[in-house]
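A structural walkthrough
Listed below are the residues making up each chain.
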Amino acid sequence: MLTQSTPAEPVSAVAEAADAAPVAESAIAQPHRPRRLRRNGTLRRLVRETVLTVDDFIYPLFVMEGENQRQEVPSMPGCHRYTLDLLLAEVEAAHALGIGAIALFPLIPEAQKDNAGTESYNPDGLVPRAIRAVKQAVPTMLVFTDVALDPYSSEGHDGIVKDGEILNDETVAVLVKQAVMQAEAGADFVAPSDMMDGRVGSIRRALDAAGWINVGILAYSAKYASAYYGPFRDALDSAPKFGDKKTYQMDAANTREALKEVDLDIAEGADMVMVKPALAYMDVIYRIKQHTNLPVAAYNVSGEYAMIKAAAQQGWIDGQAVMLETLTSMKRAGADLILTYFAKEAALALRQK
Ligand code: PBG
């Protein structure tokens with residue numbers, strides 16, 4: 001009863017009293033007994049260093065064309081793609097749980113994809129319609145939008161492809177149009193996830209020139225070329241048609257390079273920086289937190305979500321406990337905010353604590 005570690009820690013008066021009873025014979029002289037601070041839930045809460053709250057979450061949501069439909073992503077149990085009408089219901093449900101921010105990701109019909117990602121800056125596209133609808137339904141909900149070409153790219157890459165290469169500067173020119181269009185539609189933060197060089201500065205200058213001085217940039221600064229993105233690419237049908245993303249996303253083996261990317265993004269005008277994925281990159285989160293005074297975001301990505309869900313479905317782990325432990329660990333490592341598909345579930349679990 002005293003070692004209970006489930007999220008809910010009911011404190012029984014009897015237990016607390018029993019705890020305080022003196023131990024008759026304390027054989028060994030031992031001044032340091034760290035266990036004193038762990039004796040019961042009240043005490044553990046008193047000395048707890050990291051407290052996860054719903055305020056930490058950004059809830060990523062998948063949106064698709066159509067009406068009155070939601071499709072579960074097979075590799076992400078409990079996560080759905082929503083048509084716009086049902087997306088609003090989901091946003092309202094998230095809001096009711098106290099979630100203050102969402103990140104939008106679109107499933108684009110194949111027919112609208114091309115190499116230049118033209119649909120990405122269509123002012124009547126799915127994302128701007130979703131931003132406007134969300135802002136109308138729940139005006140206080142903060143909306144983060146992804147800036148990258150992959151959902152719109154016939155090649156499934158984050159940039160324009162030429163002779164098997166991903167063009168940098170030509171892509172940045174398109175990303176700038178995409179970001180300005182998203183700001184016009186009402187996005188609070190644009191979040192470039194493409195990893196092209198110089199895109200944060202170009203986007204900042206373009207936003208300012210268009211008068212969007214208060215639209216912020218959450219830079220995916222240390223975004224690694226990761227196999228943990230698999231389920232997300234299922235959700236958006238956005239897997240690369242050839243090769244991989246290793247010429248623009250970072251090598252999993254590097255951390256000093258992450259600091260370089262962060263420094264560049266800060267110099268270019270980022271308001272917040274991100275580490276992605278999170279779980280296998282806790283050291284990077286920690287190092288970046290020591291390195292900058294900007295808020296640090298961690299993206300608890302699709303593959304991390306899928307692993308917990310899969311093991312929980314098998315009955316091999318306690319899904320809720322592992323979820324809360326994982327999210328708390330990300331915050332402990334230094335994340336000020338966490339993008340997580342668990343946002344609603346975690347908000348609910350924290351409420352029941
Ligand atoms: C697109 C993008 C990706 C994710 C977020 N934005 C996929 C990728 O870079 O291939 C992954 C998110 C997740 O796995 O949850 N640029």
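These numbers were taken from a predicted model, which means no experiment stands behind them.

This next bit is on the overall build of the chain. Secondary structure assignment for the chain yields 12 helices and 12 strands. For the chain, the C-alpha radius of gyration of 22 Å lies close to 20 Å, the compact-globule estimate for 353 residues. Along the three orthogonal principal directions, the C-alpha set of the chain runs to about 80 × 45 × 40 Å. Residues counted as buried form 44% of the 353 residues belonging to the chain.

Taken together, the residues surrounding the ligand are Asp-146, Ala-148, Asp-150, Asp-158, Ser-193, Asp-194, Tyr-229, Phe-232, Arg-233, Lys-245, Val-301 and Ser-302. Split into classes, the residues belonging to the shell around the ligand amount to four nonpolar, two polar and six charged.

It is worth spelling out helix H5 (residues 169-185) at this point. The terminal C-alpha atoms of H5, which comprises 17 residues, lie 25 Å apart, in line with the 24 Å expected from a rise of 1.5 Å per residue. For H5, the buried fraction is high: 12 of the 17 residues fall into the buried class. Restricting attention to buried positions, one finds in H5 the residues Thr-171, Val-172, Val-174, Leu-175, Val-176, Gln-178, Ala-179, Val-180, Met-181, Gln-182, Ala-183 and Ala-185. At its buried positions, H5 is contacted by helix H4 (126-137), strand E5 (142-147), strand E6 (160-162), strand E7 (165-167), strand E8 (189-192) and helix H6 (199-209).

What follows is about the domain arrangement of the chain. Examined at the domain level, the chain breaks down into domain 1 (13-46) and domain 2 (54-352). On a C-alpha basis, the centroid separation for the pair domain 1 and domain 2 is 45 Å.

A word on H4. When the terminal C-alpha atoms of H4 are compared, their 16 Å separation across 12 residues agrees well with the 16 Å that a helix rising 1.5 Å per residue should span. Listed as buried for H4 are Leu-126, Val-127, Pro-128, Ala-130, Ile-131 and Val-134. Among the structural elements, strand E1 (57-64), helix H3 (84-96), strand E4 (101-106), E5 and H5 are those in contact with the buried residues of H4.

Our focus in this paragraph is the packing of helix H8 (residues 256-268) against helix H9 (residues 282-291). Packing of H8 against H9 leaves a shortest axis separation of 10 Å and a crossing angle of 45°. On the basis of the axis angle, H8 is oblique to H9. Two packed elements cross with a definite hand, and for H8 against H9 that hand is right-handed. Where H8 approaches H9, its residues Ala-258, Leu-259 and Val-262 are matched on the opposing element by Val-284, Arg-287, Ile-288 and His-291. Classifying every residue of the contact of H8 with H9 gives five nonpolar, one polar and one charged.

Let us now look at the nonpolar core. Core analysis: the biggest nonpolar cluster contains 103 residues, and Ile-102, Leu-104, Val-275, Ala-278, Ile-285, Ala-297 and Ala-335 have the highest contact counts within it. Tallying contributions element by element places H5 first for this core, with nine residues. Ignoring anything within four residues of it in the chain, the contact list for Leu-104 reads Leu-61, Val-63, Val-127, Ala-130, Ile-131, Val-143, Thr-145 and Asp-146.

With that settled, the discussion passes to the pairing of strand E12 (residues 337-340). Across the two faces of E12 the burial is the same, with Leu-337 and Leu-339 and Ile-338 and Thr-340 all buried. Here E1 runs beside E12; their pairing, made up of two bridges, is parallel. From the neighbouring strand, Phe-57 faces E12, where its bridge partner is Ile-338. In this sheet, E12 lies alongside strand E11 (residues 296-300) in parallel orientation, the contact comprising four bridges.

Turning to the environment of Arg-287, a few remarks are in order. Within the element layout of this structure, Arg-287 appears in helix H9. Looking at Arg-287, the number of C-beta atoms within 10 Å reads 20, which means it is buried.

Moving on: the pairing of E8. Two strands pair when backbone bridges link them, and E5 and E8 are joined in this way by four bridges, in the parallel orientation. The residue of E8 that forms the bridge with Phe-144 is Phe-189. Here E8 pairs with strand E9 (residues 216-223) via two bridges, running parallel. Residue pairing across strands places Val-190 opposite Ile-217, the latter belonging to E9. Handedness of the crossover is the feature at issue here: the chain leaves E8, passes through H6, returns alongside E9, and the resulting connection is right-handed.

The rules we used
- Per chain, residue numbering runs from 1 following the sequence as it is written.
- Owing to the predicted nature of the model, reporting of local features is limited to residues with pLDDT of at least 70; listing and counting of side-chain atom pairs is limited to 80 or more, with chain, interface and lining totals taken over all residues.
- Secondary structure follows DSSP: runs of H or I at least 4 residues long count as helices, runs of E at least 2 residues long count as strands, and numbering of each begins at the N terminus.
- Radius of gyration here is computed from C-alpha atoms only, and the compact-globule reference equals 2.2 Å multiplied by the residue count raised to the power 0.38.
- Comment: burial labels come from other C-beta atoms within 10 Å of the residue's own C-beta, placed from the backbone, where a count of 20 or more is buried, 12 or fewer is exposed, and between is partly exposed.
- To decide whether a residue is near a molecule or strand, its C-beta atom is placed from the backbone and checked for lying within 6 Å of it.
- Residues are grouped as follows: Ala, Val, Leu, Ile, Met, Phe, Trp, Tyr, Cys and Pro are nonpolar; Asp, Glu, Lys and Arg are charged; all remaining types, including Gly, are polar.
- For a helix, the expected span equals 1.5 Å multiplied by the number of residues minus one.
- Residues are scored as being in contact if the C-beta atoms we place from backbone atoms lie within 7 Å.
- Boundary definitions for the domains trace back to an automatic or database domain assignment.
- To get an axis, fit a line to the C-alpha atoms, keeping to the stretch in contact for a helix; angles then go from 0 to 180 degrees between the N-to-C directions.
- For classification purposes, angles smaller than 35 degrees are called roughly parallel, those larger than 145 roughly antiparallel, those between 65 and 115 roughly perpendicular, and all remaining angles oblique.
- For any helix crossing, the convention is left-handed if the near helix is rotated counterclockwise from the far helix by under a right angle, and right-handed if that rotation is clockwise.
- Nonpolar cores are built from buried Ala, Val, Leu, Ile, Met, Phe, Trp, Tyr and Cys residues. These are joined into a set through C-beta atoms within 7 Å.
- Strand pairing is defined by DSSP finding a minimum of two bridges between the two strands.
- With the strands pointing away from the viewer, any crossover whose connection runs clockwise from the first strand over the helix to the second is right-handed.

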